Amino acid sequence: MTTADPTNDTNPGTGAGAAWRAVGADGRRARTRRGLVPLVLVAATVLAVLVVPPLFPLDQQAVDLAAKLRPPSPEHPFGTDEMGRDLLLRSVYGLRVSLLVGVVAALVATVVGIAVGAAAGALGGTVDRLVMRAVDVFASVPHLLMGIFIVAMFRPGVWPVVASVGLTHWVSTARIVRAEVHSLRGRPYLDAAISGGASRWRVTVRHLLPGVLPQAGLAAVLMVPHAIWHESALSFLGLGIPAHQASLGTMVEAARGTLLAGAWWTTLWPGLFIVVPTLAIAGLAGAWRERINPRRRSELML
Amino acid sequence: MSEPIPAPATGPAAGPAAAPALELLDVTAGYDRRAPVLDGISLTVAAGESVGLLGPSGCGKSTLARVAALLHRPWAGAVRLAGREVRGFRHRAPRELRTSVGVVFQQPRLAADPRLTLADIVAEPLRATGRRAEIPDRLPELAASVGLGGDLLARRPHEVSDGQLQRACLARALVLRPKLLICDEMTAMLDASTTAALVAAVEDHRRAHGTALLAVGHDRVLLRRWCDRVVDFPPA
Amino acid sequence: MTAQTSPPVRLSVRELSVRFWMRGGRTVAAVTDVSFDVAAGECLALVGESGCGKSVLTSALLGLLPGNAQVRGSALLDGLDLIAADEATLARTVRGRRVALIPQSPAAHLTPVRTVRSQLEETVRELTGARGHQARAAAERVAERAAFPADHLDHHPHELSGGLAQRAAIALALVGDAPLLIADEPTTGLDRDLVDRTVDELRRHVDDGHGLLVITHDLAAAERVADRIAVMYAGRVVELADADDFFGSPGPRHPYSRGLLDALPERAFTPIPGMPPELDALPDGCAFAPRCPRADAACAAVPALTGASGRAVACHHAYARTPETADV
């Protein structure tokens, strides 16, 4: 039949009884599943820090020296620390502080980054060059050093840490936004908008920023784990959250001395509480990046 | 330096009504610090006239179109729209001067904001110039004139074909009733029937509103058929 | 088996259909019951408006359909069904080796940071296993066959003119010596001189014995390169004709094909009224009927593609064929 006249065996509509075959359906299912595990972990984290504190209030000052350094048991699932405090509850409280600092600092950094990057990208020319050299100067100073410098100017607390992390991390967002704005600036649709009478402001707000926001949002999410690590590092150094307050960094710092005595649980749980949620957020951001990647977004091209 | 392209018989006569829609005088333009793409080019489009600019790809005719649409600042030379000297380009050009020229680009996919619906794309110039109130009047009529019917206006660019999107881009260029329409390779990506339909839509609009036309392209047969006169580019 | 002494059939597409599942349960019938042959040393041009399903057909033949597609039918290439073959077979033995794609925009198809020579040599190594001197010599030979000048081999793609970039892309497609070439809109956006040169290049490879399937909306390019024309409308092939008959006398037989030709600026320059139907909402019966000057009640039924070999038309009211061409 292969060399037969193509026109005689054509019978529209019947399809010769051949069945429809799917193409590559499995690949798509794998892609949705990839984001599932991080999503569950992040949801569990958020739920824990929102629900646990109202149900189980923590007295930051209370100590119970009679119950110090107990290994994990049904009564204290994560064990107790050198002051006899329940590690599970303190870890959840510490995670709450870390998440709060991480999210707020990432937001601050993103807003600053978008403003600077969009201004540099949209105005171009000399403004762009000056702003980007300033960004280079900022980026050349190690983050931690500058963070220490900023917290040292204030009384210890949550907000200096937020400011420290936010003011050191906007640089990467500014670069991403500027690059994105630059690539959009050459698009004819912006030319068309200018020709249609749109003002500079309108072009930026209506055409440039919406195109940049998915990338900037991704950068913001990826910054949350970074900010959490930064907060933990500052607190670990004794420069961040005051030592008596539960924070993952202060907990790991306090547990340093007891680790040598064989109390592994005092560092393990806060450590895991730093690592697992941050990896989950990074994983979620990775799944999101795949979604906004235009090559994968278009399923059908005629 | 090349010879200036002779102006048509209907060139600058007396009074502002007869001023040419577009005059480029000795325009030199390029990008960054590279060699100029346009070197001393002159071109005149009389009011209501249609001129085809014919040239091979990469000869700089798109740059010329962008200069004429006030989207690219030339290094030297004068640009006049309806007798008015242009002093600033892009956002530095006064709004009423910018909007007196409509532009259609070669690739509709790049010329349409992917997030907007076709209705929003067409109506955008009205919104940008504070004439939102005219949208309900103007939009359906204009959409019909370029052949965009049914639910097409509610769709986004990735849900329509190149031809349908280019119709929307043409409507956007016409929505402010410009005095000069510039079509930069408007039909290069399109099939014969869509090409003929878009050209017919442009000509209908020009008949109704007296719009002048600068059609840039590489297809001699098409430009001959479409325009009052065809100019070879770069001039011999 | 046909009695004709035609060259061996390279590609034989039979009742190929492709549809897409979209969000919200819509289905898009992009290609419906398409059948055609491409023989060795023959060029078939598939013409039609944008959005008629031409590109989807190419993707199906190369096994490059997206995940939400479903296919039916067959496409036999020298005995191997391209539609049923799995990805490993396609990657190892088909793409580049038995079917080669000449892309729409050669500049985007080439890696911008590497010279033409290094890209050609890499493809030679991948497809033939040749190494070192052999690979270098093979790359130069294939560049010569594609009329790519040897002194430009060490240039980067952005240093090439549009015509040379197109030749570089053709050279890459020729490396595997695939018997079937598929050119997807090879002339879009090129100016007329370049179109003519590109299709003349393609024609040369057809005359060397390659089968060539050209997907295009450019009727002038199709006229210059093709032996036969397949007109596609709303996912179906509505007419198959010899290129000489189609563009000359007696002309196309399907009203849609006539309309396409009449839209050319060198002819009547009148568009076909209306727009092609949406592929997710095809009308019952003949999809062209709403735009057709000859439509009547009979068009409520989908017309079958009927006629002798090489002269088929799917229309209830096809234009007549003149007697002297009727019985070839």
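Conventions we followed
Residues numbered from 1 in each chain as written. Chains lettered and ligands numbered in written order. Predicted model: local features only at pLDDT ≥ 70, side-chain atom pairs only at ≥ 80, totals over all residues. Heavy atoms only, no water. Helix = DSSP H or I, 4+ residues; strand = E, 2+ residues; numbered from the N terminus. Buried < 20%, exposed > 50% of the residue type's maximum accessible area, 1.4 Å probe, protein only. Contact = heavy atoms within 4.5 Å. Areas by Shrake-Rupley, 256 points an atom, 1.4 Å probe, with all protein chains shown as cover. Axes fitted to C-alpha atoms, helices over the stretch in contact; angles between N-to-C directions. Left-handed = near helix turned anticlockwise from the far one by under 90°. Nonpolar A, V, L, I, M, F, W, Y, C, P; charged D, E, K, R; others polar. Pairing = 2+ DSSP bridges. Buried area = accessible area lost by both parts, 1.4 Å probe. Salt bridge = Lys/Arg side-chain N within 4 Å of Asp/Glu carboxyl O. Polar contact = N/O pair within 3.5 Å; in protein donor to acceptor, adjacent residues only side chain to side chain. Patch = residues over 30% accessible without salt bridge, like charges linked within 9 Å, V, L, I, M, F, W, Y side chains within 5 Å. Lys, Arg positive; Asp, Glu negative; His and termini not counted. Charge placed at Lys NZ, Arg CZ, Asp CG, Glu CD. Core = buried A, V, L, I, M, F, W, Y, C linked by side-chain atoms within 4.5 Å. Domains from an automatic or database assignment.

Chemist: Break down the overall build of chain A for me, with residues and values.
Modeler: If you tally the helices and strands in chain A, you get 11 helices and one strand. Each helix (α) and strand (β) of chain A, taken in turn from the N terminus, gives the series β-α-α-α-α-α-α-α-α-α-α-α. Burial status across chain A gives 44% buried among its 302 residues. Considering only residue pairs separated by 6 or more positions, chain A has 71% of its internal contacts joining residues 24 or more positions apart. Counting only carbon and sulfur atoms, one obtains 68% of the accessible surface of chain A, whose full area is about 15200 Å².

Chemist: Tell me about the packing of helix α3 (residues 87-123) of chain A against helix α4 (residues 125-140) of chain A, and please be specific about residues and values.
Modeler: Geometry of a packed helix pair, given as the angle between the helix axes and the separation of the axes. Residue and element names in this part refer to chain A. Two numbers describe how α3 lies on α4: the axes approach to 7 Å, and their chain directions differ by 145°. Taken as a pair, α3 and α4 cross one another with a handedness that is left-handed. In contact with V116, A120, G121 and L123 of α3, α4 contributes G125, V127, D128, V131, M132 and V135. When grouped by side-chain class, the residues that make up the contact of α3 with α4 number seven nonpolar, two polar and one charged.

Chemist: Mind laying out the sheet that holds strand β8 (residues 212-217) of chain B, listing which residues take part and the relevant values?
Modeler: Residue and element names in this part refer to chain B. Within the open sheet, the five strands sit side by side as β6-β7-β8-β3-β9. Their pairing is parallel. Looking at the sheet topology across the chains shown, the edges are occupied by β6 (101-104) and β9 (229-232). When the angles between neighbouring strand axes are averaged without regard to direction, this sheet yields 20°. Pairing geometry for strand β3 (residues 50-54) and β8, over five bridges, is parallel. Residue pairing in the sheet places L54 in a bridge with G217 of β8.

Chemist: So what's going on with the interface of chain B and chain C? Which residues, and what values?
Modeler: Facing 27 residues of chain B, the contacting portion of chain C comprises 25 residues. A combined buried area of about 2100 Å² lies between chain B and chain C, and 58% of that area is made up of carbon and sulfur atoms. When the buried surface of chain B facing chain C is broken down by residue, B:D191, B:S193 and B:R225 rank first, second and third, together holding 26% of it. Between chain B and chain C we count one salt bridge in total. Salt-bridge contacts for C:E278 lead to B:R155; the nearest nitrogen and oxygen are separated by 3.2 Å. Put simply, chain B and chain C have eight residue pairs in polar contact (both at pLDDT 80 or more) between them. The greatest single-element share of the side of chain B that touches chain C, amounting to six residues, is contributed by helix α7 (residues 192-209) of chain B. Broken down by class, the residue content of the side of chain B that touches chain C amounts to 12 nonpolar, nine polar and six charged.

Chemist: Describe in detail the sheet that holds strand β7 (residues 180-184) of chain C, supporting the description with residues and values.
Modeler: All names here are of chain C. Sheet architecture is open: seven strands sit in the order β6-β7-β8-β3-β9-β10-β11, paired in mixed fashion. Taken across any chain shown, the strands that pair with only one partner, and hence form the sheet edges, are β6 (99-102) and β11 (312-313). Sheet topology places strand β3 (residues 43-47) next to strand β9 (residues 228-233); four bridges connect them, and they run parallel. The partner of L44 across the bridge, within β9, is R228.

Chemist: Describe a positive patch on the surface, listing the residues and the values that go with them.
Modeler: Positive charge collects at one region of the surface, where A:R185, A:R200, B:R73 and B:R92 lie side by side. With respect to the helices and strands, the residue A:R200 is situated in helix α8 (residues 200-236). Take A:R200: its relative accessible area is 38%, and that puts it in the partly exposed class.

Chemist: Now, about the nonpolar core: what can you tell me, with residues and values included?
Modeler: Membership of the largest hydrophobic core comes to 207 residues, with the highest contact counts inside it found for B:L170, B:L214, B:W226, C:L11, C:L120 and C:I229. With eight residues, helix α6 (residues 162-174) of chain C is the single largest residue contributor to this core. Two domains each provide a minimum of three residues to this core, namely domain 1 (9-98 + 179-320) and domain 2 (108-177) of chain C. When near neighbours in sequence (up to four residues on either side) are disregarded, C:L11 contacts C:F36, C:D37, C:V38, C:L61, C:A75, C:L76, C:L77, C:L82 and C:L180. Counting residues in hydrophobic clusters, the runner-up holds 31 residues, among them A:L89, A:W170, A:L248 and A:A280.

Chemist: Describe the domain arrangement of chain C, and please don't skip the residues or the numbers.
Modeler: The parts lose accessible area when they come together, and the size of an interface is often stated as this lost area. All names here are of chain C. According to the domain assignment, chain C contains domain 1 (9-98 + 179-320) and domain 2 (108-177). Relative placement of domain 1 and domain 2: their C-alpha centres are 29 Å apart. Domain 1 puts 15 residues into the contact, and the matching count from domain 2 is 14 residues. Taken over both partners, the interface formed by domain 1 and domain 2 buries close to 1100 Å², and the fraction arising from carbon and sulfur atoms is 53%. Taken as a group, R97, E201 and H205 account for 40% of the area that domain 1 buries against domain 2, more than any other trio of residues on that side. At the junction of domain 1 with domain 2, the criterion picks out one salt bridge. Here R167 makes a salt bridge to E201, at a shortest N to O gap of 3.2 Å. Summed over the shared surface of domain 1 and domain 2, the result is four residue pairs in polar contact (both at pLDDT 80 or more). Element by element, the count of residues in the side of domain 1 that touches domain 2 is highest for helix α7 (residues 192-207), at seven residues. For the side of domain 1 that touches domain 2, the per-class residue count stands at six nonpolar, four polar and five charged.

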